[in-house]
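Read off the chains here:
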Amino acid sequence: MGNFVEGQLVSIAFIVFILGFIYQGVQFFKLTKKKEWVFPPSPIETEPKKKTAEQWITQCLHSLNGTLWSTDRVLTVATSIFHVCLIAAPLFLLAHNILLDQSWGWSLFSLPESLADFLTVIVLICGAYFVGRRLFLARVRAISSIYDYVILLIAVAPFLTGFLAYHQWWDYKTVIFLHILTGEIMLITLPFTKLGHMLFFFLYRFFIGSEYSFVRGSRTW
Ligand code: HEM
Ligand code: HEM
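We now turn to the structure provided with this report. Every value quoted in this text rests on a predicted model; they were computed, and no experiment measured them.

## A closer look at the packing of helix 6 (residues 73-91) against helix 8 (residues 113-136)
Viewed as axis vectors pointing N to C, helix 6 and helix 8 meet at an angle of 140°, and their least axial separation amounts to 9 Å. Classified by the interaxial angle, the pair formed by helix 6 and helix 8 is oblique. Considering how the two elements wind past one another, helix 6 and helix 8 form a crossing that is left-handed. Side by side, helix 6 and helix 8 meet where Val74, Leu75, Ala78, Thr79, Ile81, Phe82, Cys85, Leu86, Ala88 and Ala89 of the first sit next to Ala116, Leu119, Thr120, Ile122, Val123, Cys126, Gly127, Tyr129, Phe130 and Arg133 of the second. For the contact of helix 6 with helix 8, the class distribution of residues is 16 nonpolar, 3 polar and 1 charged.

Next comes the structure, spelled out in structure tokens:
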């Protein structure tokens, strides 16, 4: 069991992660079709005139109206910091890069260990804040289900166990086993749960035109 989790399952998890997202991307294009305009967009809309820097800034600030920024600034800042740390910490972690180098012969750039540890703590604090909101804010509690807590747990568990392993708290062998297992659970569930927003966020906002999309959108359901 231990050997499997620390051995083959690592490769299986990465393969499921990659193939899972490729599958979801293909499904998205199969389930949507090219948008046909009943009233084609006017040339003014399709070929916007060149804007000055000032006009761009004003437009960007204006487009923040009606987004999360105008309803909850603390959450906007927390979720932005959470996501940057969540991606940067594991990707640019020395320990992970050493493992990558050993198995593939290449690795990414590594942050100083103390900085990666700090980013990990930030992820944990933001995770605690998200759980707190769901538990204590009535309007958030009303729309939270067990699924939301499970997703948060899946996202935060590798950081908690990675942190404990790095600081060698408790029994190292058990902690690193749990770390690898929770990391694998995250990788395997990413394409098939709400965590798939890692890909869908971009697909929806760039391809499907809607209130929150960044562009007009060229596809429709
Ligand atoms: C699935 C395969 C994985 C393996 C084999 C693995 C292995 C490791 C190892 C060996 C360490 C160092 C522990 C030490 O210093 O003794 C570590 C730390 C860490 N891992 Fe992973 N890991 C995996 C997945 C993940 C995932 C998916 C994430 C998060 C998305 C993650 C986040 C972290 C973090 C944040 C730390 C460092 C915590 C700190 O320095 O405070 N790991 N990992
Ligand atoms: C890389 C692109 C990603 C983008 C653009 C993105 C974007 C977003 C957005 C817009 C939200 C909603 C705002 C909020 O409720 O905080 C959100 C929430 C969330 N994201 Fe991501 N995300 C990405 C990747 C990830 C990854 C890789 C994970 C975890 C493995 C993750 C975990 C979460 C969690 C747990 C929440 C909900 C927090 C809560 O319960 O309130 N995200 N994300």
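## Quick word on the nonpolar core
With 29 residues, the main nonpolar core has Phe82, Leu119, Val123, Phe130, Phe159 and Leu190 as its most contacted residues. Those elements that provide at least two residues to this core are helix 2 (8-31), helix 6, helix 8, helix 10 (146-166) and helix 11 (172-189). In terms of residue count, helix 10 provides more of this core than any other element does, 8 residues in total. Contact partners of Phe82, with chain neighbours within four places excluded, come to Val123, Cys126, Gly127 and Phe130.

## Things to note about the packing of helix 2 against helix 12 (residues 197-207)
Packing of helix 2 against helix 12 leaves a shortest axis separation of 10 Å and a crossing angle of 25°. Here helix 2 lies roughly parallel to helix 12, going by the angle between them. Where helix 2 crosses over helix 12, the handedness of that crossing is right-handed. Mapping the contact onto sequence places Phe17, Phe21, Gln24, Gly25, Phe28 and Phe29 in helix 2 and Met198, Leu199, Phe200, Leu203, Tyr204 and Phe207 in helix 12. Split into classes, the residues belonging to the contact of helix 2 with helix 12 amount to 10 nonpolar, 2 polar and no charged.

Cut-off values and rules
- Residues numbered from 1 in each chain as written.
- Chains lettered and ligands numbered in written order.
- Predicted model: local features only at pLDDT ≥ 70, side-chain atom pairs only at ≥ 80, totals over all residues.
- Heavy atoms only, no water.
- Axes fitted to C-alpha atoms, helices over the stretch in contact; angles between N-to-C directions.
- Helix = DSSP H or I, 4+ residues; strand = E, 2+ residues; numbered from the N terminus.
- Parallel < 35°, antiparallel > 145°, perpendicular 65-115°, else oblique.
- Left-handed = near helix turned anticlockwise from the far one by under 90°.
- Contact = heavy atoms within 4.5 Å.
- Nonpolar A, V, L, I, M, F, W, Y, C, P; charged D, E, K, R; others polar.
- Core = buried A, V, L, I, M, F, W, Y, C linked by side-chain atoms within 4.5 Å.
- Buried < 20%, exposed > 50% of the residue type's maximum accessible area, 1.4 Å probe, protein only.

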